[in-house]
Amino acid sequence: MLATSHSLLERLHDRADDRAWRRLLTVYEPWLRGWLSRHDLQPADVEDVLQEVLVVVSEELPEFVHNGRPGAFRAWLRTILVHRARHFLRGQRNRQAALSPTGWLDQLADPDSALSHQWDQEHDQQLVRRSLASIREDFSPTTWQVFQMLVLEDRPAAEVASALGLTPNSVYVAKARVLARLRAELRGLMDV
């Protein structure tokens, strides 16, 4: 199993850590694109705003210090997206007579709004999905099958053990190994 000695955020303080930056892009680029695509932006505008967001993230992330409060990173990222989208839309309004509706940005900027809560929830779901996909190859097929059946399918441990010819104890050990690796992968990015 590949050990993660530092969280992704810690590794990103090193601008030369290409693997960490690729991981960040793999996890966040499609998710941010999806958020921008849902609102009042044309596909080309989505790409422009996304690039602006990613530039700001790449410039400021090495200096980002997690304050230990739950959701600090996703709130920081949400703030960048809101500011860059507002900046972009203001520029568009200066070039066009029509005003683009930006109510979604006001809602997203409010940490207590339903849209911000949706952002938080989708952030965590995206991270778990992407992280599970990235760590899967670090485990034997049997260990992964135990995890999938026990955790993802919510099947009883005795049933999983019987189906796979394992002891109940080995089922719990396999589950613990995958969860520990997942927690290490998500440390600092999500409240785990």
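In what follows, the structure referred to is the one given above.
Residues numbered from 1 in each chain as written. Predicted model: local features only at pLDDT ≥ 70, side-chain atom pairs only at ≥ 80, totals over all residues. Heavy atoms only, no water.

*Asks:* Can you walk me through the nonpolar core in this structure?
*Replies:* A general feature of soluble globular proteins is that nonpolar side chains tend to end up buried together. Within the largest apolar cluster, 46 residues are counted, with the highest numbers of intra-cluster contacts made by Leu24, Tyr28, Leu32, Leu61 and Phe73. When contributions to this core are tallied by element, the ones reaching two or more residues are helix H1 (8-11), helix H2 (18-37), helix H3 (43-60), helix H4 (72-95), helix H5 (103-109), helix H6 (114-135), helix H7 (141-152) and helix H9 (168-186). Core analysis: the next-biggest nonpolar cluster, separate from the first, contains eight residues, Val146, Val160, Ala161 and Ala174 among them. (Core = buried A, V, L, I, M, F, W, Y, C linked by side-chain atoms within 4.5 Å. Buried < 20%, exposed > 50% of the residue type's maximum accessible area, 1.4 Å probe, protein only. Helix = DSSP H or I, 4+ residues; strand = E, 2+ residues; numbered from the N terminus.)

*Asks:* Would you explain the packing of H7 against H9 in this entry?
*Replies:* A pair of packed helices can be characterised by two numbers: the angle between their axes and the separation between those axes. Contact geometry for H7 and H9: axes closest at 9 Å, N-to-C directions at 90°. With respect to H9, the axis of H7 lies roughly perpendicular. In this structure, H7 uses Thr143, Trp144, Val146, Phe147, Leu150 and Val151 to contact H9, whose residues at the interface are Val171, Tyr172, Ala174, Lys175, Arg177, Val178 and Leu179. Class assignment for the residues of the contact of H7 with H9 results in ten nonpolar, one polar and two charged. (Axes fitted to C-alpha atoms, helices over the stretch in contact; angles between N-to-C directions. Parallel < 35°, antiparallel > 145°, perpendicular 65-115°, else oblique. Contact = heavy atoms within 4.5 Å. Nonpolar A, V, L, I, M, F, W, Y, C, P; charged D, E, K, R; others polar.)

*Asks:* Even after reading the chapter, I still don't get the environment of Leu61, so can you show me in this structure?
*Replies:* Relative to the helices and strands, Leu61 is located in the loop between H3 and H4. The buried category is assigned to Leu61, whose relative accessible area is 1%. With 47 residues separating them in the primary sequence, Leu61 and Asp14 have C-alpha atoms 9.7 Å apart. Leaving out residues up to four positions away in the same chain, Leu61 has contacts with Leu9, Leu12, His13, Trp21, Leu24, Val56, Phe73 and Trp76.

*Asks:* Just checking my understanding: could you explain the packing of aromatic side chains for this structure?
*Replies:* Aromatic ring pairs are defined here through the distance separating the ring centres and the angle between the ring planes. Under the defined criterion, the tally for this structure stands at ten aromatic pairs. Considering the side-chain rings of Tyr28 and Phe73, the 5.6 Å spacing of their centres and the 65° angle between planes classify their relative orientation as edge-to-face. Residue Tyr28 is found in helix H2, and its partner Phe73 is found in helix H4; the two are separated by 45 residues along the sequence. Among the residues examined, Tyr28 registers a relative accessible area of 3% and is labelled buried. The buried category is assigned to Phe73, whose relative accessible area is 1%. Centroid distance Phe64 to Trp76: 4.9 Å. Interplanar angle 45°. Geometry classified as tilted. Residue Phe64 is found in the loop between H3 and H4, and its partner Trp76 is found in helix H4; the two are separated by twelve residues along the sequence. In terms of burial, Phe64 and Trp76 fall into one category: buried. Among the aromatic residues, those joined into a cluster by ring pairs are Tyr28, Trp31, Trp35, Phe64, Phe73, Trp76 and Trp119. The residue whose ring lies beneath Arg38 is Trp35, and the NZ or CZ to ring-centre distance is 4.5 Å. (Phe/Tyr/Trp six-rings, centres within 6.5 Å; stacked < 30°, edge-to-face > 60°. Lys NZ or Arg CZ within 6 Å of the ring centre and 35° of its normal.)

*Asks:* How should I be thinking about H6 in this particular structure?
*Replies:* Structurally, the α-helix is built with 3.6 residues per turn, so residues lying three or four positions apart point the same way. Along its 22 residues, H6 runs 32 Å from first to last C-alpha, staying within 8% of the 32 Å computed at 1.5 Å per residue. Looking only at H6, the buried set comprises Leu115, Ser116, Trp119, Asp120, Glu122, His123, Asp124, Gln126, Leu127, Ser131, Leu132 and Ile135. (Expected span 1.5 Å × (residues − 1).)

*Asks:* Explain the side chain of Asp120 to me, please; I cannot follow it from the model alone.
*Replies:* With respect to the helices and strands, the residue Asp120 is situated in helix H6. For Asp120, a relative accessible area of 17% translates into the label buried. Not counting residues up to four positions away in its chain, the partners in contact with Asp120 are Arg74 and Arg78.

*Asks:* Would you mind going over the pattern of salt bridges with me for this structure?
*Replies:* In a structure, side chains of opposite charge can pair up when their charged atoms sit close to one another. By the definition in use, this model includes 15 salt bridges. Measuring nitrogen to oxygen at the nearest pair gives 2.5 Å for the salt bridge that ties Arg38 to Glu122. Placement of Arg38 in the loop between H2 and H3 and of Glu122 in helix H6 is noted, with a sequence separation of 84 residues between them. Owing to a relative accessible area of 42%, Arg38 belongs among the partly exposed residues under this scheme. Classification of Glu122 by relative accessible area gives buried; the value is 17%. A salt bridge links Asp106 to Arg86; its shortest N-O distance comes to 2.6 Å. Of this pair, Asp106 sits in helix H5 while Arg86 sits in helix H4; the two residues are 20 residues apart in sequence, bridging distant segments of the chain. Residue classification places Asp106 among the partly exposed positions, given a relative accessible area of 46%. (Salt bridge = Lys/Arg side-chain N within 4 Å of Asp/Glu carboxyl O.)

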